[in-house]
Amino acid sequence: MELIQKTPDLSAYLAADEVIDHDHRRVREVAGGLAKEAADSYAYARLAFEFVRDTIPHSKDSGDPRVTWRASDVLERRTGICYAKAHALTALLRAEDIPTALCYQRFDVVHGLVAVRFNGAWHRQDPRGNKPGVNARFSLEGERLAFTPDHEAGEADYPELYAAPHPAVLDALKAATDRPHLWAILPAAL
């Protein structure tokens, strides 16, 4: 699948905003700690991916009812669904000047992941969190995502790469009073 950069200006994929708040103190602390362990930007990207994937539980897996959507809140509260975890990873990567996009897949509901730009190409990564049957890995040599859509069943990969969260995703996250409520209002398609 050919990924489509929705915003031509690559600097948009480095920007901070209300959601991807990589200028926030907590994001900068985590990014700084990870950067000290990394020999280069590729190693940093892998460490940031593994940090989000492994140390921030997916709220459905952990049973946490809290809904987070801002990257700094995800890092502080240590919880989030796929979208929130993608926001946190995006902020950590952009904090170290690695162009990062938000992207999506469609299953029963829309699933969120990221794409990083290395060596002139975009590479999708899924920081959702591993569990039995899910084994996502950081890779620039072929995708190692949490889920593979069954196109015959109507599931899909969306090729668009967004500089900011899709409005349908962000609206649902902001409107939800808790995770059960969020599950009832998650977008089914984009």
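Everything discussed here concerns the structure shown above.
Presented here is an overview of the structure given in this document. (Residues numbered from 1 in each chain as written. Predicted model: local features only at pLDDT ≥ 70, side-chain atom pairs only at ≥ 80, totals over all residues. Heavy atoms only, no water.)

1. Focus on the sheet that holds strand E3 (residues 110–118)
On the basis of which strands lie adjacent, the open sheet formed by 4 strands has the order E4-E3-E2-E5 and antiparallel pairing. Whereas interior strands pair on both sides, the edge strands pair on one side only; in this sheet they are strand E4 (121–125) and strand E5 (156–157). Summarising the sheet, strand E2 (residues 100–106) and E5 pair through 2 bridges and their orientation is antiparallel. Note on E5: the bridge partner recorded for Arg106 is Ala156. (Pairing = 2+ DSSP bridges. Helix = DSSP H or I, 4+ residues; strand = E, 2+ residues; numbered from the N terminus.)

2. Quick look at the packing of aromatic side chains
Under the defined criterion, the tally for this structure stands at 7 aromatic pairs. Between Tyr42 and Phe118 the ring centres are 6.3 Å apart and the planes differ by 70 degrees, which places this aromatic pair in the edge-to-face class. Here Phe118 lies in strand E3 and Tyr42 lies in helix H2 (residues 41–55), a separation of 76 residues in the sequence. Classification of Phe118 by relative accessible area gives buried; the value is 10%. By the ring-pair criterion, three or more aromatic residues cluster together here, those being Tyr42, Phe49, Phe118 and Phe138. One residue, Lys174, lies across the ring of Trp69, its end atom 4.9 Å from the ring centre. (Phe/Tyr/Trp six-rings, centres within 6.5 Å; stacked < 30°, edge-to-face > 60°. Buried < 20%, exposed > 50% of the residue type's maximum accessible area, 1.4 Å probe, protein only. Lys NZ or Arg CZ within 6 Å of the ring centre and 35° of its normal.)

3. Some thoughts on helix H5 (residues 82–95)
The end-to-end C-alpha separation of H5 is 20 Å, in line with the 20 Å expected for 14 residues at 1.5 Å each. The element H5 is extensively covered by neighbouring structure, given that 14 of its 14 residues are classed as buried. Remark: Asp97 follows H5 within two positions and exhibits a positive phi of approximately 60 degrees. (Expected span 1.5 Å × (residues − 1).)

Keep in mind these values describe shape, not function.
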